[in-house]
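Each chain, letter by letter, is given below.
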Amino acid sequence: GENVEQHPSTLSVQEGDSAVIKCTYSDSASNYFPWYKQELGKGPQLIIDIRSNVGEKKDQRIAVTLNKTAKHFSLHITETQPEDSAVYFCAATALSGGSYIPTFGRGTSLIVHP
Amino acid sequence: GAVVSQHPSRVICKSGTSVKIECRSLDFQATTMFWYRQFPKQSLMLMATSNEGSKATYEQGVEKDKFLINHASLTLSTLTVTSAHPEDSSFYICSARVPVVETQYFGPGTRLLVL
């Protein structure tokens, strides 16, 4: 089955700095890679996603890059703000048993210091 | 993005009772919904995949008689924790998948505390 590794587990930055979270996956058949932001006590919120036919996608301060050959994808947050502080999860989605099932990374706790 | 609701947001119950959690997709029809369990400071653990009109597919190690899932309509799936025990205390989160695009949207979660 798919295996997703996410690093770092904790990331501490100063407000205004950039933050980068990296994930690797094992199943070359994975073709959809969403990123979720989870604030304390809440459900994960989809912030950006990318499909395997695209190498990069940007939405304001957030961008995601995908390297299919190396099987890794990254989340980039620029000009970080305290409200960006949360746990971020990456996921890789592959066909499993006739259904597309996402496999999640272990999460990165991002702390943005004002 | 699409909206998924979950009810109740938190529940406290006595050991031995059953608890039902509802998951609704509010602005789209979801043929597939997922149920996750999350322990503090840990990732999402998939419990089961729920397909409308058919039996749920449970992940290895998840007791199907303990965690009953019903997906009776395209907008509603329910998870019933039967004869709950303190070790069932956790944060339960559902998600619903938008057909064709395969994007999943999560509900706000249900905090279950079994005394």
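Cut-off values and rules
- Residues numbered from 1 in each chain as written.
- Chains lettered and ligands numbered in written order.
- Predicted model: local features only at pLDDT ≥ 70, side-chain atom pairs only at ≥ 80, totals over all residues.
- Heavy atoms only, no water.
- Helix = DSSP H or I, 4+ residues; strand = E, 2+ residues; numbered from the N terminus.
- Rg over C-alpha atoms; globule rule 2.2 N^0.38 Å.
- Buried < 20%, exposed > 50% of the residue type's maximum accessible area, 1.4 Å probe, protein only.
- Contact = heavy atoms within 4.5 Å.
- Areas by Shrake-Rupley, 256 points an atom, 1.4 Å probe, with all protein chains shown as cover.
- Lys, Arg positive; Asp, Glu negative; His and termini not counted.
- Charge placed at Lys NZ, Arg CZ, Asp CG, Glu CD.
- Pairing = 2+ DSSP bridges.
- Axes fitted to C-alpha atoms, helices over the stretch in contact; angles between N-to-C directions.
- Disulfide = S-S within 2.5 Å.
- Core = buried A, V, L, I, M, F, W, Y, C linked by side-chain atoms within 4.5 Å.

Draft legend 1. Spatial organisation of the overall build of chain B. Scanning chain B from terminus to terminus reveals zero helices and 11 strands. Its helices and strands in sequence order give chain B the pattern β-β-β-β-β-β-β-β-β-β-β, from N to C terminus. Over its C-alpha atoms chain B spans a radius of gyration of 13 Å, differing by no more than 12% from the 13 Å that the globule rule assigns to 115 residues. For chain B, the spread of C-alpha atoms along the principal axes amounts to about 40 × 25 × 20 Å. Taking all 115 residues of chain B together, the buried fraction comes to 51%. Here the analysis covers contacts within chain B between residues at least 6 apart in sequence; of these, 55% occur between residues at least 24 apart. Counting every atom, chain B has about 5800 Å² of accessible surface; 53% of that belongs to carbon and sulfur. With 11 positive and 9 negative side-chain charges, chain B shows a spacing of 7 Å between the two charge centroids.

Draft legend 2. Molecular detail of the sheet that holds strand β3 (residues 19-25) of chain B. All names here are of chain B. An order of β1-β3-β8-β7 is seen for the four strands of this open sheet, with the pairing classed as antiparallel. Looking at the sheet topology across the chains shown, the edges are occupied by β1 (4-7) and β7 (67-73). Taken over all neighbouring pairs, the strand axes of this sheet differ in orientation by 15° on average, direction set aside. Where β7 and strand β8 (residues 76-81) come together, five bridges link them in antiparallel fashion.

Draft legend 3. Highlighting the state of the cysteines. Counted according to the given criterion, the structure contains two disulfides over all chains. Covalent S-S linkage joins C23 of chain A and C90 of chain A, the inter-sulfur distance amounting to 2.0 Å. Across the S-S bond of C23 of chain A and C90 of chain A the torsion is about -100°, and the bridge reads as left-handed. Remark: C90 of chain A occurs in strand β9 (residues 86-96) and C23 of chain A occurs in strand β3 (residues 19-25); sequence separation between them is 67 residues. Overall, the relative accessible area of 0% leaves C90 of chain A in the buried class. Shown here is the disulfide that connects C23 of chain B with C94 of chain B, its sulfur atoms set 2.0 Å apart.

Draft legend 4. The arrangement of the nonpolar core in detail. Formed by 26 residues in total, the largest nonpolar core has its most connected members in V4, W35, F67, L79, Y92 and L112 of chain B. For F67 of chain B, the contacting residues outside a window of four places in its chain are R37, M47, Y58, V62, L79, T80, V81, D88 and Y92 of chain B. Membership of the second largest hydrophobic core comes to 24 residues, among which are V4, I48, I77 and A92 of chain A.

Draft legend 5. How the structure looks around the sheet that holds strand β6 (residues 56-59) of chain A. All names here are of chain A. Taken in spatial order, the five strands make up an open sheet running β1-β3-β8-β7-β6, and their pairing is antiparallel. Of all strands in the sheet, those with a lone pairing partner are β1 (4-7) and β6, marking the two edges. Here the average twist between neighbouring strands, direction ignored, is 15°. Strand direction decides the pairing type here: β3 and strand β8 (residues 72-77), joined by six bridges, are antiparallel. Across the sheet, K22 pairs through a bridge with S74, a residue of β8.

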